[in-house]
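Given next are the chains, with one letter for each unit.
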Amino acid sequence: MSLLEKREPSSSMSGIENSHRNIEPDRANEIANLLKPCTSAVKPIRKLHSRRKEMLSVENLGEGEILENSANLQQSSAGKKRKKKKCTSGKNIIFNTRNPTLIWLANNELHLSLFLLAIVHGCYSAGYQWPLLCIQLQHKAMTVDSHGVRYVRGIHDIKFVAYWIVQIIAARALCLRFIVPVIASLISIKGSREIRRFSEMAWMLLYITVSWTIGFRVWQNSPYYMTTATLFANYPDDHVLMPYGLKWYYLVQTAFWLSNVYTIHVEERRKDHFEMLTHHAVTIFLVLSSYHCHFTRFGHAFMLVMDFPDIFLTSAKMFRYMGNEAMPNILFGLFAVSWVFTKHYLCIKMMFSSWKQGFDVVPYEKRFPHYPNSYMSPPIAGFFWILLCVLQLILLYWFVLIVKVIQRMLIKGEDANDNRSDDEGASIDDNSSALPDLLADKKSLAIDNNTINDSSNASTLTSQDLAID
């Protein structure tokens, strides 16, 4: 046989190769089964390494960062136990939402609002007249009395409200991002969540205090100051014409409540989110409908009554974030007393007076539909009563939660921790209790390197040794 000729494989060699190909898959499965204990022992070692690094890095952190890291560990472990939901983007930790549009708006609210305000004022500086429809009140009345210029409602009020919505969002973003965090750092408030919640309460306190003071000043100069008998006097003739202060206050409050629909979706979600959203929807509808029906006197007094207790509540929350123990309890007590007096007693009294005195004061010939610009009629008044009753039901639900807080304060001796709207109190308590647990775990997780490197010892570790809280 020539060396250049191709050698044909013998039948015996081909049989051996075929048998090897048949045995190869079985052999691979056998090897994989033998390696399973090794891979199961390597996985807990990796977890143990990462856990140990996290715990050892705690020694170089401050107390506020320890609380923040412990909260993140608890949130990550709780998230693993939940079912995975389909979403287009990851959950934003700061704004607590998965909606990409809301996340984008929340991250760019300051730039966007300042850009819109710059366009309006820039065009006004350039000589254009249309920005005046947004900046100044429109629809002056032709008649002028002893109290000065009067205003009526009109279509351009929408532009004024939209302008103030942008202004309120811009002012809130400036407070939450630049002004209040500096103050919070000066008074030793640590943790990104605590600083943000403190900033939100500071903004609410600032706005409510300023707006309530302006509204009270307008109320002092009105003919219905400290009395409900003149809320519907000479309706609708005197009610169609509004003084500058009343119209300005009413439209700015409308802009504030409309902006709140946006803010409650970008702020941290509260336990009573649905109740809060319903409360805002009913309030906005009451404000807009009362403005359209010329019931602005009643709406003005009603908003002053409703906003007053929130001054004490926001102050109590701010002092609690500051670490003060006495002031939150005192302010929460004032808040509870003012809540009962204003939001239940005075509001219900105004509801009955609006029904009784409204029809007693307004004669039949000046009622709807017999008189122009008049909306006083039993069906319309009944519709307003239904909305006010829905508002009272929400307030009663919150009042039950307030009573439970007072019960814990008096019987168990606990501090004031309002669970009426948000759950930051529980989160702060959880973070503070997580601190000693986190520090205690350092001892249990200080394992020798020999134990980590020994695969035989690692394979005998129990699930409790490798559990991550």
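Scroll up a little and you will see the structure.
Each value, and the rule that gives it
- Residues numbered from 1 in each chain as written.
- Predicted model: local features only at pLDDT ≥ 70, side-chain atom pairs only at ≥ 80, totals over all residues.
- Heavy atoms only, no water.
- Helix = DSSP H or I, 4+ residues; strand = E, 2+ residues; numbered from the N terminus.
- Contact = heavy atoms within 4.5 Å.
- Core = buried A, V, L, I, M, F, W, Y, C linked by side-chain atoms within 4.5 Å.
- Buried < 20%, exposed > 50% of the residue type's maximum accessible area, 1.4 Å probe, protein only.
- Axes fitted to C-alpha atoms, helices over the stretch in contact; angles between N-to-C directions.
- Parallel < 35°, antiparallel > 145°, perpendicular 65-115°, else oblique.
- Left-handed = near helix turned anticlockwise from the far one by under 90°.
- Phe/Tyr/Trp six-rings, centres within 6.5 Å; stacked < 30°, edge-to-face > 60°.
- Lys NZ or Arg CZ within 6 Å of the ring centre and 35° of its normal.
- Expected span 1.5 Å × (residues − 1).
- Bend = angle between axes of the 7 residues up to and from the residue.
- Salt bridge = Lys/Arg side-chain N within 4 Å of Asp/Glu carboxyl O.

(A) Spotlight on the side chain of Thr-254. Residue placement: Thr-254 occurs in helix H8 (residues 244–266). If we skip the residues at most four places from it in the chain, Thr-254 touches Val-161, Val-287 and Leu-288.

(B) Main features of the nonpolar core. Core analysis: the largest hydrophobic core is formed by 80 residues, its most contacted members being Phe-295 and Phe-302. Looking at this core, the elements with two or more residues in it are helix H5 (157–186), helix H6 (192–220), H8, helix H9 (273–292), helix H10 (296–321), helix H11 (326–361) and helix H12 (378–412). Setting aside residues no more than four positions away along its own chain, Phe-295 makes contact with Phe-232, Tyr-235, Tyr-250, Ser-290, Tyr-375, Met-376 and Phe-384. Counting 6 residues, the second-largest nonpolar core is a separate cluster that includes Val-120, Cys-134, Tyr-163 and Ala-170.

(C) Focus on the packing of H6 against H10. One can describe the packing of H6 onto H10 by two numbers: an axis separation of 8 Å at closest approach and a directional angle of 150°. By the criterion of interaxial angle, the relationship of H6 to H10 is roughly antiparallel. In this structure, the crossing between H6 and H10 has a hand that is left-handed.

(D) Molecular detail of the environment of Ile-158. Structurally, the position occupied by Ile-158 is in helix H5. The class for Ile-158 is exposed, based on a relative accessible area of 57%. As for Ile-158 and Cys-134, which are separated by 24 residues in sequence, their C-alpha atoms are 8.4 Å apart.

(E) Structural context of unusual backbone geometry. Of the consecutive residues Tyr-235 and Pro-236, the connecting peptide bond is found in the cis state with omega at 0°. Along the chain, the position of Pro-236 falls in the loop between H6 and helix H7 (237–240). Backbone torsion omega between Phe-368 and Pro-369 reads 5°, so that peptide bond is classified as cis. When you line up the elements, Pro-369 lands in the loop between H11 and H12. We note that Met-226 has phi near 60°; this positive angle belongs to a residue other than glycine.

(F) Representation of the packing of aromatic side chains within the structure. Applying the stated criterion to the full structure yields 27 aromatic pairs. Here the aromatic rings of Phe-160 and Trp-164 are separated by 6.4 Å at their centres, their planes lie at 50°, and the arrangement is tilted. Separated by 4 residues within a single helix, Phe-160 and Trp-164 lie in helix H5, roughly one turn from each other. Considering the side-chain rings of Trp-219 and Tyr-225, the 4.9 Å spacing of their centres and the 70° angle between planes classify their relative orientation as edge-to-face. Aromatic ring contacts, followed pair by pair, group Phe-232, Tyr-235, Phe-285, Phe-295, Phe-298, Phe-302, Phe-383 and Phe-384 into a single cluster. For the cation-ring pair, Arg-320 lies above Tyr-321, with the distance from its terminal atom to the ring centre recorded as 5.8 Å.

(G) View of H8. The end-to-end C-alpha separation of H8 is 33 Å, in line with the 33 Å expected for 23 residues at 1.5 Å each. Its axis deflected by about 30° at Asn-260, H8 carries its strongest bend there. For H8, the tally of buried residues reaches 18 of 23 residues, placing the bulk of the element in the interior.

(H) A look at the pattern of salt bridges. The tally for this structure, following the rule as stated, stands at 10 salt bridges. Its salt-bridge partner being Arg-172, residue Glu-109 comes within 3.5 Å of it at the nearest N-O pair. Here Arg-172 lies in helix H5 and Glu-109 lies in helix H3 (residues 100–125), a separation of 63 residues in the sequence. Per residue, the accessibility class of Glu-109 equals that of Arg-172, and both read buried. Among the ionic pairs, Asp-360 bridges to Lys-356, the shortest N-O distance being 3.4 Å. With a gap of 4 residues between them, Asp-360 and Lys-356 both fall in helix H11, about one helical turn apart. For the pair formed by Asp-360 and Lys-356, the shared burial category is exposed.

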